[in-house]
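# Structural overview
Here's the letter readout for the chains.
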Amino acid sequence: MKGISILGSTGSIGTNTLDVIRQHRDLFQVITLAAGRNLPLLYKQIEEFRPKRVAVATKELADELRIQLMHPPEILYGEEGLIACATHGEVEFVVAALVGFTGLAPTLAAIEAGKDIGLANKETLVAAGHLVMEAVKRNGVRLLPIDSEHSAIFQSLQGERREDILRILLTASGGAFREKRREELKNVTVEEALKHPNWKMGAKITLDSATMMNKGFEVIEAHWLFSLPYSSIDVVLHYESILHSMVEFVDGAIIGQLGTPDMRIPIQYALTYPVRIPLKGGRLNLAQIGQLTFREVDAERYPALSLAYEAGEQGGTYPTVLNAANEAAVQSVLARRLPFYRIEEVVAKVLERHSSISHPSLTDILEADRWAREEAQNMIG
Ligand SMILES: NC(=O)c1ccc[n+]([C@@H]2O[C@H](COP(=O)([O-])OP(=O)(O)OC[C@H]3O[C@@H](n4cnc5c(N)ncnc54)[C@H](OP(=O)(O)O)[C@@H]3O)[C@@H](O)[C@H]2O)c1
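### Examining the packing of aromatic side chains
What describes a pair of aromatic rings is the distance from one ring centre to the other and the angle between the planes of the rings. Counted by the stated rule, this structure contains four aromatic pairs. Note on Phe177 and Phe340: the rings are 5.1 Å apart at their centroids and 70° apart in plane angle, and the pair reads as edge-to-face. With Phe177 in the loop between β8 (165-172) and α8 (190-193) and Phe340 in the loop between α14 (318-334) and α15 (343-353), this pair connects stretches of sequence that are 163 residues apart. Both residues of the pair, Phe177 and Phe340, count as buried. Ring-pair connections join several aromatic residues into one group, and the members of that group are Phe154, Tyr269 and Tyr273. Taking the ring centre of Tyr239 as reference, the NZ or CZ of Arg178 above it sits at 4.3 Å.

### Remarks on the environment of Ala135
Turning to its location among the elements, Ala135 is positioned in helix α6 (residues 123-139). Given the relative accessible area of 1%, Ala135 is considered buried. Each C-alpha atom, one on Ala135 and one on Ile153, is 22 Å from the other, the two residues being 18 residues apart in sequence. Ignoring any residue separated from it by four or fewer positions in sequence, one finds Ala135 in contact with Leu108, Ile111 and Glu112.

### A short note on the nonpolar core
Counting residues in each nonpolar core, the largest one holds 122 residues, and the members touching the most others are Leu65, Val95, Ile168, Phe226, Leu322 and Phe340. The element best represented in this core is α14, accounting for nine residues. Leave out the neighbours within four places in its chain, and Leu322 touches Val126, Met213, Phe217, Ile220, Leu307, Ala308, Ala311, Val347 and Leu351.

### Some thoughts on unusual backbone geometry
Cis geometry is adopted by the peptide bond preceding Pro274, which originates at Tyr273 and carries an omega value of 5°. By the secondary structure assignment, Pro274 is in the loop between α11 (264-272) and α12 (286-289). Even without a glycine there, the phi angle at Arg336 is positive, about 60°. Looking at the element boundaries, Arg336 is found in the loop between α14 and α15. A relative accessible area of 52% places Arg336 in the exposed class. Despite not being glycine, His359 has its phi angle at roughly 45°, a positive value. When you line up the elements, His359 lands in the loop between α15 and α16 (362-380).

### Brief notes about the pairing of strand β5 (residues 93-96)
Because side chains alternate across β5, one face comprises the buried residues Phe93 and Val95, and the other comprises Val94 and Ala96, equally buried. With four bridges connecting them, strand β1 (residues 2-7) and β5 associate as parallel partners. When the bridges of β5 are listed, Ile4 appears paired with Phe93. For β5 and strand β6 (residues 116-119), the ladder comprises four bridges, and the chain directions are parallel. Bridge pairing in β6 places Val94 opposite Ile117. Assessed by its sense of winding, the connection that carries the chain from β5 through helix α5 (residues 104-112) to β6 is right-handed.

The rules we used
Residues numbered from 1 in each chain as written. Predicted model: local features only at pLDDT ≥ 70, side-chain atom pairs only at ≥ 80, totals over all residues. Heavy atoms only, no water. Phe/Tyr/Trp six-rings, centres within 6.5 Å; stacked < 30°, edge-to-face > 60°. Helix = DSSP H or I, 4+ residues; strand = E, 2+ residues; numbered from the N terminus. Buried < 20%, exposed > 50% of the residue type's maximum accessible area, 1.4 Å probe, protein only. Lys NZ or Arg CZ within 6 Å of the ring centre and 35° of its normal. Contact = heavy atoms within 4.5 Å. Core = buried A, V, L, I, M, F, W, Y, C linked by side-chain atoms within 4.5 Å. Pairing = 2+ DSSP bridges. Right-handed = clockwise from strand over helix to strand, strands pointing away.

What follows is the structure, given as structure tokens:
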């Protein structure tokens with residue numbers, strides 16, 4: 001039985017992970033669950049999976065949860081709670097499914113504690129890719145991608161030699177507004193932005209998909225995961241989200257992975273790698289789909305993608321600032337304090353004002369993150 005910790009158990013990736021575990025109770029045991037504020041769902045998860053330790057966002061929520069449960073597990077809160085869940089002695093594998101920069105500290109702690117990681121929380125690699133990858137190497141742990149694109153690339157690379165890779169091609173759906181021109185975005189609402197054409201995901205990643213900042217983050221994530229230069233990472237629009245990404249090799253062969261848009265497939269692959277086990281769910285029927293659509297990405301239509309490439313290439317604390325400014329802007333859009341179409345403008349201005357530090361330490365990263373959020377907030381007003 002593999003001991004599992006799920007950081008972000010009440011979210012979209014968290015609930016999909018629990019669904020995979022529900023199908024294979026003989027293989028996995030939930031040791032810890034960490035969530036933010038959704039007590040009703042966490043309560044149900046505790047009743048069903050009986051974890052030994054849980055964490056929530058605040059002390060008040062921890063107290064409330066303790067009162068609700070007849071036989072409460074150990075209940076912790078805040079960053080310390082997240083770290084305690086990630087590093088519990090019986091945990092072998094941590095599903096990093098928190099959203100945003102909050103995921104960095106517990107993921108690093110899990111790596112330092114020798115746990116293998118299934119990484120959904122891409123912001124961790126965007127904000128501090130070099131620190132995470134150094135820690136992975138030093139501690140000899142596995143960092144397995146859960147993001148569908150990176151899982152597809154990882155699967156396409158099995159048995160291949162690194163030096164035979166020409167480039168990787170990340171596929172992008174284009175998000176909620178792919179049919180709209182940039183000028184038309186001035187009038188869109190948050191509700192419209194939250195309607196992803198193919199995937200049902202958390203609010204932040206859905207907005208990031210609509211700006212394509214999500215794809216920009218994935219470019220940076222791919223750079224770290226597969227040790228490839230940015231010039232070898234390309235993005236192609238693919239409307240149906242069926243071909244989850246591809247690798248082109250030096251001989252012109254392209255290998256990709258196809259599947260229904262169902263996150264349980266890459267989650268399960270990370271949990272069971274290198275073995276595959278059955279998974280109940282919809283099957284791909286290519287004859288029914290009929291055709292797959294691909295288009296080139298218009299860089300002017302999606303400025304967030306160029307911002308991410310630039311920040312990634314420049315390195316230092318630029319990617320940290322890209323992530324933090326975006327997080328602040330997206331939170332403001334979700335709180336109806338900033339129109340959707342201004343996200344990229346805020347991020348670009350914060351990046352412009354930033355003086356990057358090369359080879360940043362964790363302290364430098366925390367400071368750059370704090371600075372960028374403050375700058376973005378001041379700009380948003
Ligand atoms: N959803 C997808 O299909 C998908 C695909 C690829 C990659 N990803 C990546 O996976 C990550 C999670 O995405 P998601 O869509 O699952 O997000 P989500 O649905 O918003 O879930 C986020 C989870 O994080 C928890 N959380 C948020 N802030 C917290 C805090 N301060 N302390 C403790 N817990 C906190 C939430 O708890 P509460 O809800 O209880 O507050 C929830 O459990 C993101 O980095 C995303 O980019 C997601």
